[in-house]
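An overview of the molecular structure
One letter stands for each residue in the lines below.
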Amino acid sequence: MRILAIDYGVKRIGIALSDELKMIAQPLEFIPAEPFAAFVARLTELVQEKEVELILVGMPRNMNGSYGTAALKVEEFVVALKSALPVPIKIWDERLTSAQANRILIAGNVRRDKRKQKVDKMAAAILLQSYLDSLQTQF
């Protein structure tokens, strides 16, 4: 069983997936956010195909830990997901994941037009890896 991570965006939603041992996160794809029904259909396919046991959704927070308007959109998104999918959903702090993803892609000499396509799934992978790392420290 695997964990699937979601980096929510208004236009694109980044998806990452853990390995079966829940040690390594890999960027998987991005899915257009609209239409929402098409997004849910693709996500449902992934959940079944990849045998996902938990969905992790990144929760944007301000640097001081407070929640802004983006967090409200994510909360609404999570409520909609919970009614559409039978898999447990957990939220996880995603501060600076997009900035980190951009830095990694720039360091890898990924062109600007290609970075736009990869940043969301890379941010989801960074989010997921931080969660997986937290699981390892619990032992």
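Everything in this summary refers to the structure shown in the same document. Just so it is clear, the model here is predicted, and its values are computed rather than measured.

Moving on, we come to the overall build of the protein chain. Per the secondary structure count, the protein chain includes four helices and five strands. The N-to-C order of helical and strand elements in the protein chain reads β-β-β-α-β-α-β-α-α. Taken over the C-alpha trace, the protein chain has a radius of gyration of 14 Å; the compact-globule value for 139 residues is 14 Å, and the two agree within 12%. A principal-axis box enclosing the C-alpha atoms of the protein chain has dimensions of 40 × 40 × 30 Å. Going through the 139 residues of the protein chain one by one, you find that 40% of them count as buried. Split by element, the accessible area of the protein chain, about 7900 Å² in all, is 55% carbon and sulfur. Of note, the protein chain has its 19 positive side-chain charges centred 8 Å away from the centre of its 16 negative side-chain charges.

Right, let's get into the sheet that holds strand 5 (residues 89–93). If you trace the five strands from one edge of the open sheet to the other, you get 3-2-1-4-5, paired in mixed fashion. The open sheet has two edge strands with one neighbour each: strand 3 (25–32) and strand 5. The average undirected angle you get between the axes of adjacent strands in this sheet is 30°. Alignment of strand 2 (residues 12–18) against strand 3, held across seven bridges, turns out to be antiparallel. The residue of strand 3 that forms the bridge with glycine 14 is phenylalanine 30. In the packing of helix 1 (residues 36–49) onto the sheet, contacts are made with strand 1 (2–7), strand 2, strand 3 and strand 4 (52–59), and the angle to strand 3 comes to roughly 155°. Those strands touched by helix 2 (residues 69–84) are strand 1, strand 2, strand 4 and strand 5, and its axis lies near 160° from that of strand 4.

Conventions and cut-offs
- Residues numbered from 1 in each chain as written.
- Predicted model: local features only at pLDDT ≥ 70, side-chain atom pairs only at ≥ 80, totals over all residues.
- Heavy atoms only, no water.
- Helix = DSSP H or I, 4+ residues; strand = E, 2+ residues; numbered from the N terminus.
- Rg over C-alpha atoms; globule rule 2.2 N^0.38 Å.
- Buried < 20%, exposed > 50% of the residue type's maximum accessible area, 1.4 Å probe, protein only.
- Areas by Shrake-Rupley, 256 points an atom, 1.4 Å probe, with all protein chains shown as cover.
- Lys, Arg positive; Asp, Glu negative; His and termini not counted.
- Charge placed at Lys NZ, Arg CZ, Asp CG, Glu CD.
- Pairing = 2+ DSSP bridges.
- Axes fitted to C-alpha atoms, helices over the stretch in contact; angles between N-to-C directions.
- Contact = heavy atoms within 4.5 Å.

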